[in-house]
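# Chains, contacts and geometry: an overview
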There are 4 protein chains.
Amino acid sequence: MRAGASPESIDAVLKRVEELGFRAHLSRGEERTIVGVIGDERPIDPEQFESLDSVERVVRILQPYKLASRDFRRERTIVNFGNIQIGGPGIVIIAGPCSVESRSQLLETAHAVKEAGAHALRGGAFKPRSSPYSFQGLGLEGLELLAEASEITGLPVITEVVSPTDVPTVGKYSAMFQIGTRNMANYALLHEVGRSGRPAMLKRGMSSTIQELLMAAEYILSNRNYDLVLCERGIRTFETATRFTMDINAVPLLNELTHLPVVVDPSHATGKASLVAAGSRAAIAAGADGLIVEVHPHPERALSDGAQSLRPEQFASLVRECRDIARAMGRGLYGAVS
Amino acid sequence: MRAGASPESIDAVLKRVEELGFRAHLSRGEERTIVGVIGDERPIDPEQFESLDSVERVVRILQPYKLASRDFRRERTIVNFGNIQIGGPGIVIIAGPCSVESRSQLLETAHAVKEAGAHALRGGAFKPRSSPYSFQGLGLEGLELLAEASEITGLPVITEVVSPTDVPTVGKYSAMFQIGTRNMANYALLHEVGRSGRPAMLKRGMSSTIQELLMAAEYILSNRNYDLVLCERGIRTFETATRFTMDINAVPLLNELTHLPVVVDPSHATGKASLVAAGSRAAIAAGADGLIVEVHPHPERALSDGAQSLRPEQFASLVRECRDIARAMGRGLYGAVS
Amino acid sequence: MRAGASPESIDAVLKRVEELGFRAHLSRGEERTIVGVIGDERPIDPEQFESLDSVERVVRILQPYKLASRDFRRERTIVNFGNIQIGGPGIVIIAGPCSVESRSQLLETAHAVKEAGAHALRGGAFKPRSSPYSFQGLGLEGLELLAEASEITGLPVITEVVSPTDVPTVGKYSAMFQIGTRNMANYALLHEVGRSGRPAMLKRGMSSTIQELLMAAEYILSNRNYDLVLCERGIRTFETATRFTMDINAVPLLNELTHLPVVVDPSHATGKASLVAAGSRAAIAAGADGLIVEVHPHPERALSDGAQSLRPEQFASLVRECRDIARAMGRGLYGAVS
Amino acid sequence: MRAGASPESIDAVLKRVEELGFRAHLSRGEERTIVGVIGDERPIDPEQFESLDSVERVVRILQPYKLASRDFRRERTIVNFGNIQIGGPGIVIIAGPCSVESRSQLLETAHAVKEAGAHALRGGAFKPRSSPYSFQGLGLEGLELLAEASEITGLPVITEVVSPTDVPTVGKYSAMFQIGTRNMANYALLHEVGRSGRPAMLKRGMSSTIQELLMAAEYILSNRNYDLVLCERGIRTFETATRFTMDINAVPLLNELTHLPVVVDPSHATGKASLVAAGSRAAIAAGADGLIVEVHPHPERALSDGAQSLRPEQFASLVRECRDIARAMGRGLYGAVS
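Residues numbered from 1 in each chain as written. Chains lettered and ligands numbered in written order. Predicted model: local features only at pLDDT ≥ 70, side-chain atom pairs only at ≥ 80, totals over all residues. Heavy atoms only, no water.

Contacts between the two partners involve 45 residues from chain C, matched on the other side by 45 residues from chain D. Taken together, both faces of the contact between chain C and chain D bury some 3,900 Å²; the carbon and sulfur share is 47%. Connecting chain C to chain D are 4 salt bridges. Of the charged contacts, one joins E19 of chain D and R301 of chain C as a salt bridge, the two residues approaching to 3.1 Å between their closest N and O atoms. Inspection of the chain C/chain D interface yields 17 residue pairs in polar contact (both at pLDDT 80 or more). Listing elements by their share of the side of chain C that touches chain D, those giving two or more residues are α1 (7–19), α2 (47–50) and α7 (210–221) of chain C. (Contact = heavy atoms within 4.5 Å. Buried area = accessible area lost by both parts, 1.4 Å probe. Salt bridge = Lys/Arg side-chain N within 4 Å of Asp/Glu carboxyl O. Polar contact = N/O pair within 3.5 Å; in protein donor to acceptor, adjacent residues only side chain to side chain. Helix = DSSP H or I, 4+ residues; strand = E, 2+ residues; numbered from the N terminus.)

Residues and elements named next belong to chain D. Strand order around the closed barrel formed by 8 strands is β5-β6-β7-β8-β9-β10-β11-β12, with parallel pairing between neighbours. Neighbour to neighbour, the strand axes of the sheet diverge by 25° on average, direction disregarded. Inspection of the sheet shows strand β11 (residues 262–264) paired to strand β12 (residues 290–294) by 2 bridges, in the parallel sense. Residue pairing across strands places V263 opposite G290, the latter belonging to β12. Across the sheet, helix α7 (residues 210–221) touches β8 (176–179), β9 (200–203) and β10 (228–232), and the angle it forms with β10 is around 160°. (Pairing = 2+ DSSP bridges. Axes fitted to C-alpha atoms, helices over the stretch in contact; angles between N-to-C directions.)

Many analyses report the size of an interface as the accessible area lost when the parts associate. Each partner contributes residues to the interface: chain B has 45 residues there, and chain A has 45 residues. Buried surface at the junction of chain B and chain A, summed over both partners, amounts to about 3,900 Å²; 47% is from carbon and sulfur atoms. Our count for the contact surface shared by chain B and chain A stands at 4 salt bridges. Taking the shortest distance from any N to any O, the salt bridge between E212 of chain B and R236 of chain A comes out at 2.6 Å.

Residue and element names in this part refer to chain B. Scanning the model with the defined rule gives 4 aromatic pairs over all chains in all. Between Y187 and Y219, the ring centres sit 4.5 Å apart and the planes meet at 20°, which makes this aromatic pair stacked. Residue Y187 is located in helix α6 (residues 187–196), and its partner Y219 is located in helix α7 (residues 210–221); the two are separated by 32 residues in the primary sequence. Residue Y187 is classed as buried on the basis of its relative accessible area of 9%. Looking at Y219, the relative accessible area reads 0%, which means it is buried. Positioned above the aromatic ring of F244 is the side chain of R233, whose terminal nitrogen or guanidinium carbon lies 4.2 Å from the ring centre. (Phe/Tyr/Trp six-rings, centres within 6.5 Å; stacked < 30°, edge-to-face > 60°. Buried < 20%, exposed > 50% of the residue type's maximum accessible area, 1.4 Å probe, protein only. Lys NZ or Arg CZ within 6 Å of the ring centre and 35° of its normal.)

With that settled, consider the relation of the copies chain C and chain D. At an RMSD of 0.0 Å, chain C and chain D line up after a rotation of 180° and a shift of 0.0 Å along the axis. Interpreted geometrically, this transformation is the action of a two-fold axis. Using C-alpha coordinates, one finds that chain C approaches the rotation axis most closely at S207 of chain C, a distance of 3.1 Å. Residue by residue, 100% of the interface of chain C is reproduced at the interface of chain D, so both copies engage with the same surface. (Least-squares fit on C-alpha atoms with pLDDT ≥ 70 in both.)

Residues and elements named next belong to chain C. Take E144: it is sitting in helix α4 (residues 140–153). The class for E144 is partly exposed, based on a relative accessible area of 39%. For the pair E144 and V170, spaced 26 residues apart in the sequence, the C-alpha separation amounts to 9.8 Å.

Glancing now at the nonpolar core. Counting residues in each nonpolar core, the largest one holds 152 residues, and the members touching the most others are L202 and F315 of chain A together with L202 and F315 of chain D. Counting residues in each nonpolar core, the second largest holds 151 residues, with F177, V262 and C322 of chain B together with L67 of chain C among its members. (Core = buried A, V, L, I, M, F, W, Y, C linked by side-chain atoms within 4.5 Å.)

We now examine the pairing of strand β7 (residues 157–160) of chain D. Residues and elements named next belong to chain D. Of the two faces of β7, the one lined by V157 and T159 and the one lined by I158 and E160 are each fully buried. Relative to β7, strand β6 (residues 120–122) is paired through 2 bridges, and the arrangement is parallel. Note that in β7 the partner of L121 across the bridge is V157. This β-α-β element, β6 to helix α4 (residues 140–153) to β7, shows right-handed connectivity. For β7 and β8, the ladder comprises 3 bridges, and the chain directions are parallel. The residue bridging T159 from the neighbouring strand is F177, located in β8. (Right-handed = clockwise from strand over helix to strand, strands pointing away.)

All names here are of chain A. Between helix α7 (residues 210–221) and helix α8 (residues 250–257), the shortest axis-to-axis distance is 11 Å and the interhelical angle comes to 50°. Considering the angle they form, α7 stands oblique to α8. Crossing hand, α7 versus α8: right-handed. Along the contact surface, α7 presents I210, L213 and L214, while α8 presents A250, L253, L254 and L257. A class-by-class count of the residues in the contact of α7 with α8 yields 7 nonpolar, no polar and no charged. (Parallel < 35°, antiparallel > 145°, perpendicular 65-115°, else oblique. Left-handed = near helix turned anticlockwise from the far one by under 90°. Nonpolar A, V, L, I, M, F, W, Y, C, P; charged D, E, K, R; others polar.)

Now for unusual backbone geometry. A positive phi is found at D305 of chain C, a non-glycine position, where the angle reads about 55°. Residue position: D305 of chain C is located in the loop between β12 (290–294) and α11 (312–328). Judged by its relative accessible area of 7%, D305 of chain C falls in the buried class. With phi around 65°, R224 of chain D is a residue other than glycine that occupies positive phi space. Tracing the sequence through the fold places R224 of chain D in the loop between α7 and β10. The exposure class assigned to R224 of chain D is exposed, which follows from its relative accessible area of 75%.

Let us look at the sheet that holds strand β5 (residues 92–96) of chain A. All names here are of chain A. Pairing is parallel in the closed barrel, where 8 strands are placed in the order β5-β6-β7-β8-β9-β10-β11-β12. Neighbour-to-neighbour, the strand axes of this sheet turn through a mean angle of 25°, independent of strand direction. Contacts from α7 reach β8 (176–179), β9 (200–203) and β10 (228–232), with the element oriented near 160° to β10. Strands in contact with α8 are β10 and β11 (262–264); relative to β11, the strand with the most contacts, it is inclined by about 170°.

Checked against the element boundaries, T237 of chain C lands in the loop between β10 (228–232) and α8 (250–257). For T237 of chain C, a relative accessible area of 10% corresponds to the buried category. Within polar-contact distance, the side chain of T237 of chain C engages the backbone nitrogen of E239 of chain C at 3.2 Å. Separated by 2.8 Å, the side chains of T237 of chain C and T245 of chain C make a polar contact. If sequence neighbours within four positions are ignored, T237 of chain C has contacts with F238 of chain A, I235 and T237 of chain B together with T245 of chain C.

Mapping chain B onto chain A leaves a residual RMSD of 0.0 Å; the transformation is a rotation of 180° accompanied by 0.0 Å of translation along its axis. Both copies contact each other with a shared surface, as 100% of the interface residues of chain B are interface residues in chain A too.

The next thing to look at is the confidence of the model for chain A. The predicted coordinates should not be examined in detail at positions where pLDDT is low. Averaged over every residue, the pLDDT of chain A is 92; residues scoring 70 or more account for 97%. Taken over the whole predicted complex, pTM reads 0.91, whereas the ipTM for its chain interfaces reads 0.92. (pLDDT = per-residue confidence, 0-100.)

Another point: helix α11 (residues 312–328) of chain D. All names here are of chain D. In this model, α11 (17 residues) spans 25 Å end to end at C-alpha, consistent with the 24 Å of a helix rising 1.5 Å per residue. Within the sequence span of α11, burial applies to F315, A316, L318, V319, C322, I325 and A326. One or two residues past the end of α11 sits G330, with phi positive at roughly 75°. (Expected span 1.5 Å × (residues − 1).)

Turning next to the pattern of salt bridges. Using the criterion set out here, one finds 64 salt bridges over all chains in the structure. With a shortest N-O distance of 2.7 Å, K203 of chain A and D265 of chain A are connected by a salt bridge. Of the two residues, K203 of chain A sits in strand β9 while D265 of chain A sits in the loop between β11 and α9 (266–270), which places them 62 residues apart along the sequence. One salt bridge in this structure joins R204 of chain A and E239 of chain D, with 2.8 Å as the shortest N-O distance.

Structural data, given as structure tokens:
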């Protein structure tokens, strides 16, 4: 309550708390009176109280997410992705081009990343681009090429879905949905992916807090779909020397707060090919369960994200470095340890 | 080019520029060589060049948007919204509840804001909420109530559309689409709203730059739909004392860069009812063409955004203050001057 | 406390609270136990408790500042600055060059701003510059020129002090100290300015929260120096289209939280001459008590901040616009109303 | 130049460029004309040109720092710190309390960190605190205790200097100056530390870009003092779940841009003891040359930074984990490999 709140205004708050089905608990300090609200506070909107003139501030004590929290599920979740698992002791490396551009580009990349040690293939068929004049992806043709590349190489495929209506189609061609950074708060899409019951990777919004990421996860989990991987992909800050700022703190913090596996996208989180290997090693050293890395046979001809795409030989070197760090962590790359 | 780039690597860049259909222009400094690329650079992805090892940095000279720029259209655009216009000399004030909660709540609010001087009615039927446990809006029933309130009061209605598939339905019940902050980069939605040919208000993403806002506008304009209003609604910064930071600089800057009208949402941009009037006056003093303000008859019972909603009498006082500022700007409220 | 905190760990916290001389107040919810700490909490460091394993989170209820708060002093403070006052009904406009560059430049500017209606003169003699290769100010010679310009025009002078040892000298030549954005947390300097007992303007750190600004003010006030003006000068955000983002919300919020006068620096807060007038009008409409504006007779030859400096005729037009807004606010420019 | 700039306005720019002693180079595109400025551009202030109405934008091609850049010095700098070196193959771990609180607290910590494997001791005697009501450090007595602890344990000492006038005294008692985050832009202090000729660690301002950090370094280097270590200590972002955001990208990026050694402060960069070990491993995996870590025998009784201080046994475990990561990087802890 504000300093000097009248007994009547305090009573009004107590009454409102009880109307909403909670218990109130009064605590009088020297300068302020505090009203505790006891019960499962998640469904209340704190703003209802903030709009009362006599209320100074409302502070949430419980986190607003539930199913994603470690209070709810102590053991860590292991997510099936085709024939592999994310969240166990083995570190999973997913690699491939930003966009599927052509059959030859995709197959060349898929073979190269498999040979270098990748466990799964990424590639975009539907591309959200900030300019309407940029390449927007091959769409359905891209999905078919991904399915073909998966069959030929045996690597499971993850690809982005951008619209609720595309969920069935994208689900048919890929083993895991990717929900991109621009769609973290596209709740219609989250619901539809949740309802599909198929594995998904949820990328953090580039300006979303960790709490908002976990709330977005809650949209999927509350549809009883627990095959969910979270992805830190860099946040927007004042620093412009890199495309985004990799929030490396998010990795151990998510490991404390949630049972869901966490992977890192060092390509977007740095935006610069020369920094991707260092970012990948840091992610694994911080406790990530995997990486998702952009690789292109000819980055200088890529139709998107060329500046942050690795050449196959750079990627092969990254895999070797990550293997060493994974071992130093008492883990190892997927396949070697699980 | 990097310091010490070899003549071969410079030649490779020149060749690539020409392959892409541009002219190259070489400029040798004491420490660096610069390659100018001449032509309409908008469709090129600068990253293609950044991925070349010998290239240090790519700097765009032209803005990447075109149809939204004042270079393209010198005179200011006036947007029709039901029976009123946004972008002329008269300042337009749009007001109403965050969410449509019930027939009585909506009609009470609509009558109150009309009486206080509002020119149009806002209200959400489809609500994107960060928690799946919060009120999600009345959906179709909410749209029907909005249409009824519009008919009774004569105020045109704006309401949010969150999914491309809802565009025809929402368009049937309202005079203007609102594209919310979480959907500024929902390109499928932007395209569909563009194709509808109906008026729209595009809210700036809470972490989007002004350039990204103009690029998102380009998605709508490139569908030959010029009935577009931009809205500054606060950006996310390190400051937590307010819900968002109103980027007041955006108002005069957008007036320089684009011909599209600009309105401000002082409710979200401050997040605190006690700051809304000051933010509204500032917006008009900075050159905004209008406001969109949240009003609720009982903010302490609002199902969303109670803390930033004004009571009707607070809103009436805001309208009077804004009228005075509008006159000091040599403009006036809509109706009085246009 | 964390979920599942043991009775022993709760006892340990209670004991520690009492050792520190506070009263503890226990509140048991369904999922969490909360320990209230009652007393004047300002001197406690909440981190002492956060380091206990069983403690989940510490939330401060009282604001950590005291002397700056309106709880402490209800009536607004009026600050004397030479022969004028800041914080009364009249809006004060301070103007002048970023740096004092020469006698002729300073006098030409001082005469021009006086004629245009400015109430005080600004000008930097000691310039903190991000590059050691940039112009660093004229130092003592600059102070002498400022004193001369003040004598000739009758305008009181404000100038920046950057080092505790310079406080006596700068105080001799000027009527008000300016503490710049880079020095908001230079506590040695704050103490020295506080102890001097002379009027000061404290600029908000470019990345400081409003709470941190008020804590910095507390350093000066706690030396029993209440002649203090706060200045919003733009904060650093992700937006790069403007040099800084003017935090217009800070103006009404500071007016709620503190009794100290608030001025705005629209030159730094926008960084672009073409936006300065709009920012100035917005500041006054939001409730600011004054402005501090950079003016230069030949911005294209300025040794610092040329891009954001107004020519004298642009400044004269700004003063007229601000006068109109000040009247619409029921105030007026200083001199006309006070 | 702006679109449609007149030939006269272009001539005026060319003339001004030449007046300043540079060569101009004209490049006419379809929509814009570009004027290249050739010469050592570092000393020019780009704003001089931006204030010309016909100029749209000024883009710097050369980095504004020189002595700090790898263009200037290709081989990496190794900095002497007492009897150890930072910047060679061995990773250096510096540890100790945030503040020196008492002789027993300091000696207990110093012995513990030495036993756990630390190579140097940190501890604050002059503490910049955001509240005037918080503990401000022991001052000179703290320095004497640090010198004693150094003598007893053989560990070299680093401690913060906050005022130019303290440089001689602090230099007498410690082997390396620490310039704290709030003083990164305290140019008087940077000059004085530069002139002292003694080793220093420059912490990045919490809201400073990497370019600004390198410009601040330039203040020290331009005094011919090359014994300089840079420190990433977390930046301020919108994320509030951690105290700061560790900018892990800064580590490999600084390794590309500068020859100076880079250490990381995982205590401030996370603000939470439970995240410090993960952040430390990530820093080394990203290529850092060392760490500076806060350790306290009883964090719950620490007078500052308790929440982020490790207990000695937690620190010992961190050292073991870092040793493993350092080996995986082909390096090792200092002493084992250098």
